[in-house]
Amino acid sequence: MRQDPVRTQLTIAQALEQASRRLRDQMQPRLEAEVLLAHVLGKARSHLHAWPESLLDADQYRRFDRLVDQRVQGQPVAYLTGRREFWSLDLEVTAATLIPRPETELLVEQTLALVPAGARSVIADLGTGSGAIALALAHERPGWQLIASDRSADCLAVAAANRSRFALPNLLLVRGDWCEPLADDSLDALVSNPPYIPCQDPHLRQGDVAREPRAALSAGDDGLDAIRTLVATAPRVLKPGAWILLEHGLDQGEAVRNLMKDGAFTEISTIRDLAGLERVTRARAAL
Ligand code: GLN
């Protein structure tokens, strides 16, 4: 039996314990309960650890209880709080955007390693979603000009909100499909975390992924439709010798390398993520 929140005031510790039990089917019930309660209270999680005996008022409890209900029904925590951390930036996300993943930080790391830090380089992040990759790069390299594109106006609105949160004047947002909005020979690097999951993959129906926008996740029978478009159209917009860096699925490295070889790219190599899986393939446009 659930306790009546109005008659029985709960402490932070009790509310967390109760919620952790209700979230027992999730991978990290306690952590999720803490993230949701901290969100309701407008505090950091450390506040919960510092004040376990403090009482929740009826409104706080009601809001927390509702979020836990929605989580039990499968709504991702990031959509419930409207936040997800990426590259140490606390980003706004909505159900219109993919939830930024830790493995995508590899794209940021690789771009920072390959493109000279001092140069006034122009870098595009295509299919930017919440803006995660472009924001991380713009934040790390104030001297670079970032261009982030998306064909979804809803995603661009989220990216724009994030741009203002971090006051990044070196990030331009443009609407359009992949390379379409970009000028010829304009980029020093093109990065993208495009959709790459095969459209029949059962993974698309599981967990948080099932609630994310399908267009951000999946592209064609083999998952490679967006990557094929990017590899085919990138040479027009890349300067000679410029880099392309694409995230892809763990079993797509060879296919992506082959597409790049056919596209006359050079210095093609695939980088593994922290889990040891092939995750990012990079190459240079011919000189
Ligand atoms: N890496 C994500 C996943 O497997 C997919 C992200 C994407 O398609 N770009 O859930």
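Residues numbered from 1 in each chain as written. Predicted model: local features only at pLDDT ≥ 70, side-chain atom pairs only at ≥ 80, totals over all residues. Heavy atoms only, no water.

S.K.: Which parts of the structure should I look at to understand the site of the ligand?
M.R.: Taken together, Arg 101, Glu 103, Asn 193, Pro 194, Pro 195, Tyr 196, Ile 197, His 203, Val 209, Ala 216, Leu 217 and Glu 247 form the complete shell of residues around the ligand. A distance of 2.8 Å separates a nitrogen atom of the ligand from a polar side-chain atom of Tyr 196. Here Leu 217 contributes a backbone N or O atom positioned 3.2 Å from an oxygen atom of the ligand. Within the complex, the protein chains bury 91% of what would otherwise be the 300 Å² of accessible surface of the ligand. Its residues placed into classes, the shell around the ligand shows 7 nonpolar, 2 polar and 3 charged. (Near = heavy atom within 4 Å. Polar contact = N/O pair within 3.5 Å; in protein donor to acceptor, adjacent residues only side chain to side chain. Areas by Shrake-Rupley, 256 points an atom, 1.4 Å probe, with all protein chains shown as cover. Nonpolar A, V, L, I, M, F, W, Y, C, P; charged D, E, K, R; others polar.)

S.K.: Quick question: what am I supposed to make of the packing of helix H9 (residues 225-237) against helix H10 (residues 253-262) here?
M.R.: When two helices pack together, their arrangement is given by the angle between the helix axes and by the axis-to-axis distance. The contact between H9 and H10 brings their axes to 9 Å, and the two run at 25°. Between H9 and H10, the interaxial angle falls into the category roughly parallel. In this structure, the crossing between H9 and H10 has a hand that is right-handed. Of the residues in H10, those in contact with Ile 227, Arg 228 and Val 231 of H9 are Val 256, Leu 259 and Met 260. A per-class count over the contact of H9 with H10 returns 5 nonpolar, no polar and 1 charged. (Axes fitted to C-alpha atoms, helices over the stretch in contact; angles between N-to-C directions. Helix = DSSP H or I, 4+ residues; strand = E, 2+ residues; numbered from the N terminus. Parallel < 35°, antiparallel > 145°, perpendicular 65-115°, else oblique. Left-handed = near helix turned anticlockwise from the far one by under 90°. Contact = heavy atoms within 4.5 Å.)

S.K.: I tried to follow the packing of helix H2 (residues 29-41) against helix H4 (residues 58-72) on my own but got confused; where do I start?
M.R.: Axis separation between H2 and H4 bottoms out at 9 Å; the angle between their running directions is 140°. What the angle tells us is that H2 and H4 run oblique. Between H2 and H4 the crossing geometry is right-handed. For the pair H2 and H4, the contacting residues are Glu 32, Ala 33, Leu 36, Leu 37, His 39, Val 40 and Leu 41 in the first and Gln 60, Arg 63, Phe 64, Leu 67, Val 68 and Arg 71 in the second. Per-class residue counts for the contact of H2 with H4 are 8 nonpolar, 2 polar and 3 charged.

S.K.: Would you explain the sheet that holds strand E6 (residues 187-192) in this entry?
M.R.: The pairing of strands in a sheet happens through backbone hydrogen bonds and is either parallel or antiparallel. With respect to topology, 7 strands assemble into an open sheet ordered E5-E4-E3-E6-E7-E9-E8, the strand pairing being mixed. Of all strands in the sheet, those with a lone pairing partner are strand E5 (171-175) and strand E8 (266-272), marking the two edges. Taking each pair of neighbouring strands and ignoring which way they run, the sheet shows an average axis angle of 15°. Alignment of E8 against strand E9 (residues 278-284), held across 5 bridges, turns out to be antiparallel. Pairing of Thr 270 across the sheet is with Thr 281, part of E9. Sheet strands in contact with helix H6 (residues 105-114) are strand E3 (122-126), E6, strand E7 (238-247), E8 and E9, and its direction is about 155° off that of E7. Across the face of the sheet, H9 comes into contact with E3, E6 and E7 while running at roughly 160° to E7. (Pairing = 2+ DSSP bridges.)

S.K.: Please clarify how the packing of aromatic side chains should be interpreted in this entry.
M.R.: Think of a pair of aromatic rings as described by two things: how far the centres are apart, and how the planes are tilted against each other in angle. For the structure shown, the criterion picks out 0 aromatic pairs. The ring of Trp 144 carries the charged tip of Arg 141 above its face, separated from the ring centre by 5.4 Å. (Phe/Tyr/Trp six-rings, centres within 6.5 Å; stacked < 30°, edge-to-face > 60°. Lys NZ or Arg CZ within 6 Å of the ring centre and 35° of its normal.)

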